[in-house]
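Chain by chain, the residues:
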Amino acid sequence: MIQTWCLGNILQLATQSFCRRFVDYKIDPCGRLRDQMEMAARTVPANIAEGSSRHQTSYETELRLLDVARASVSELEGDFLNWLMRHGASMWHTDDQRYTQVRNHQFNDAPTLTQNYLAEISEYLLAEYARFATLLRTDDSIHSACVIVVLCERVKQLLTAQINKRLGDFKNEGGFTEKMTQARLSTVKEKAEKDNAPQCPKCGAPMRLRVIKKGVRQGETFWGCTGYPKCDGTKKK
């Protein structure tokens, strides 16, 4: 995920640079286009980072945030395609040498981080963006827009692969909630077995003492299946 986040940051830096150089008050008198493009670019690394922080506790939240990041890339890509068309230009074909050059641009792997990780990741991003920026051509908005569209495609591809992997992990392992439930049920069953609890007449699982909370028999105890709610077997104490 770190590599996807780094590429998202480079996409944000490239977008900010593009807006600073080309989206002026004559083209965007109210500043709405610039705000929209920069905000879409910002949400890409922001949602990747937040999704990463939820990896251990909620697959569902992580997947939702990664999908938001992917949608933001698509939104940004649409803005740059519109920029090309409003200037009477089209996107490069995939067999165009310029497209291939950007598509095949090699980013160095992110460094192994230490306690100085903030400085290390900043230095890495600045160095990688400086290398990538040579492809942007600072005086040509059409060329720069095409470069950023290709970068958008690369980021979307990485996010899609990451989402598919997380979906596979979720299907095989379950999420945090499921694991907590399994751990709780396991503890309940172990305690019931230790207390020599009877077996459930319906499923054979160990039972545990429960208390009736409502009605005329409120406060009375009974044996309930530890497999509840899947199994509602009961026994009188």
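Residues numbered from 1 in each chain as written. Predicted model: local features only at pLDDT ≥ 70, side-chain atom pairs only at ≥ 80, totals over all residues. Heavy atoms only, no water.

This part is about the environment of Thr234. Inspection of the secondary structure puts Thr234 in strand S3 (residues 234-236). Overall, the relative accessible area of 47% leaves Thr234 in the partly exposed class. For Thr234 and Leu209, which are 25 residues apart along the polypeptide, the C-alpha to C-alpha distance reads 9.7 Å. What Thr234 contacts, discounting residues up to four positions off in sequence, is Pro201, Met207, Phe222 and Trp223. (Helix = DSSP H or I, 4+ residues; strand = E, 2+ residues; numbered from the N terminus. Buried < 20%, exposed > 50% of the residue type's maximum accessible area, 1.4 Å probe, protein only. Contact = heavy atoms within 4.5 Å.)

Glancing now at a nonpolar patch on the surface. Taken together, the side chains of Leu113, Tyr117 and Leu118 define a hydrophobic patch exposed on the protein surface, amounting to about 310 Å² of accessible area. By the secondary structure assignment, Leu118 is in helix H5 (residues 117-133). For Leu118, a relative accessible area of 56% puts it in the exposed group. (Patch = residues over 30% accessible without salt bridge, like charges linked within 9 Å, V, L, I, M, F, W, Y side chains within 5 Å. Areas by Shrake-Rupley, 256 points an atom, 1.4 Å probe, with all protein chains shown as cover. Salt bridge = Lys/Arg side-chain N within 4 Å of Asp/Glu carboxyl O.)

Under the criterion given, the structure shown has 8 salt bridges. Close ionic contact of Glu77 with Lys156 constitutes a salt bridge, the shortest N to O distance being 2.8 Å. Here the residue Glu77 occupies a position in helix H3 (residues 59-86), and Lys156 occupies one in helix H6 (residues 141-173), the gap between them amounting to 79 residues. Accessibility expressed as a relative area gives 10% for Glu77, which makes it buried. A relative accessible area of 21% places Lys156 in the partly exposed class.

Tallied over the full model, the rule gives 4 aromatic pairs. Chaining the aromatic ring pairs together yields one cluster made of Phe18, Phe22, Phe80 and Trp83. (Phe/Tyr/Trp six-rings, centres within 6.5 Å; stacked < 30°, edge-to-face > 60°.)

On to the nonpolar core. Generally speaking, soluble globular proteins have nonpolar side chains that are buried together. By size, the foremost hydrophobic cluster in this structure holds 47 residues, and its most contacted members are Phe18 and Phe132. Contributions of two or more residues to this core are made by helix H1 (2-22), helix H2 (32-53), H3, helix H4 (97-103), H5 and H6. With 11 residues, the top contributor of residues to this core is H6. Every residue in contact with Phe132, bar those within four places of it in the chain, is listed here: Ile10, Ala14, Val102, His105, Phe107, Val147 and Leu151. With 7 residues, the next largest nonpolar core counts Cys200, Ala205, Met207 and Trp223 among its residues. (Core = buried A, V, L, I, M, F, W, Y, C linked by side-chain atoms within 4.5 Å.)

Mapping Gln12 onto the fold places it in helix H1. Aside from chain neighbours lying at most four places away, what touches Gln12 is Ala41, Arg42 and Pro45.

Before going further, it helps to examine the packing of H2 against H3. Interaxial distance between H2 and H3 falls to 8 Å at its minimum, and their mutual angle equals 155 degrees. Comparing the axis directions of H2 and H3 gives the class roughly antiparallel. The way H2 lies across H3 gives a crossing that is left-handed. Taking contact as the criterion, the partners of Leu33, Gln36, Met37, Ala40, Ala41, Thr43, Val44, Asn47, Ile48, Glu50 and Gly51 in H2 are, on H3, Glu62, Leu65, Leu66, Val68, Ala69, Ser72, Val73, Glu75, Leu76, Asp79, Phe80 and Arg86. Its residues placed into classes, the contact of H2 with H3 shows 13 nonpolar, 5 polar and 5 charged. (Axes fitted to C-alpha atoms, helices over the stretch in contact; angles between N-to-C directions. Parallel < 35°, antiparallel > 145°, perpendicular 65-115°, else oblique. Left-handed = near helix turned anticlockwise from the far one by under 90°. Nonpolar A, V, L, I, M, F, W, Y, C, P; charged D, E, K, R; others polar.)

As a further point, take the sheet that holds S3. In spatial order, the strands read S1-S2-S3; together these 3 strands make up an open sheet with antiparallel pairing. One side of each edge strand has no neighbouring strand; the edge strands of this open sheet are strand S1 (207-211) and S3. Across the sheet, the mean angle from the axis of one strand to that of its neighbour is 35 degrees, orientation sign disregarded. Bridging between strand S2 (residues 221-225) and S3 involves 3 bridges; their strand directions are antiparallel. Across the sheet, residue Trp223 finds its bridge partner in S3, namely Lys235. (Pairing = 2+ DSSP bridges.)

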